[in-house]
Amino acid sequence: GCTMEVQLSGILSQAAGGARCVACTGATIGELLQSLVLRYPEMQAHLDDGVAVAVNGEIYRDRRDQPVPSNADVFLLPRIQGG
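This structure is a prediction, so every number in the text was calculated from the model and none was measured.

Asker: Before we move on, can you summarise empty space enclosed by the protein with the specific residues and values?
Answerer: Once rolled over the atoms, a probe with the size of a water molecule shows which space is left empty. Counted by the stated rule, this structure contains one cavity of 30 Å³ or more. Taken as a whole, the largest cavity encloses approximately 40 Å³ of empty space. Along the walls of the largest cavity sit V6, C24, L32, L33, L36, V53, V74 and L76, which together make up its complete lining. At the level of secondary structure, the elements contributing two or more residues to the lining of the largest cavity comprise α2 (29-39) and β5 (74-78). Tallying contributions element by element places α2 first for the lining of the largest cavity, with three residues. Of the residues in the lining of the largest cavity, the class split is eight nonpolar, no polar and no charged.

What follows is the structure, encoded as structure tokens:
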């Protein structure tokens, strides 16, 4: 898969040691998240809670097989509690 920058917000950024933006590889959302957890094991707990992944402004929840185009804008958002 290609390498792309993933923007992190809030607690997800803290799990990556305060990084706001990390480089990940993967052809799908699932592969991107896997590569993220390999580098930042603390991410796993947040992924288990559920995260929303925005690809070029389109939000995907639990769509791990969604392809990610190369040089897409990828944002990782912690799931909003409640609702």
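Asker: Run through the state of the cysteines, naming residues and quoting values.
Answerer: Summed over all chains, the structure comprises zero disulfides. As a non-bridged cysteine, C21 has C24 as the owner of its nearest cysteine sulfur, 9.1 Å distant. A residue is classified by how much of its surface remains accessible, and C21, at 29% relative accessible area, is partly exposed.

Conventions used here
- Residues numbered from 1 in each chain as written.
- Predicted model: local features only at pLDDT ≥ 70, side-chain atom pairs only at ≥ 80, totals over all residues.
- Heavy atoms only, no water.
- 1 Å grid on protein atoms, 1.4 Å probe; cavity = no way out; pocket = protein on both sides within 12 Å on 5 of 7 lines; lining within 4 Å.
- Points joined across faces, edges and corners; volume = space filled by probe spheres on them.
- Helix = DSSP H or I, 4+ residues; strand = E, 2+ residues; numbered from the N terminus.
- Nonpolar A, V, L, I, M, F, W, Y, C, P; charged D, E, K, R; others polar.
- Disulfide = S-S within 2.5 Å.
- Buried < 20%, exposed > 50% of the residue type's maximum accessible area, 1.4 Å probe, protein only.

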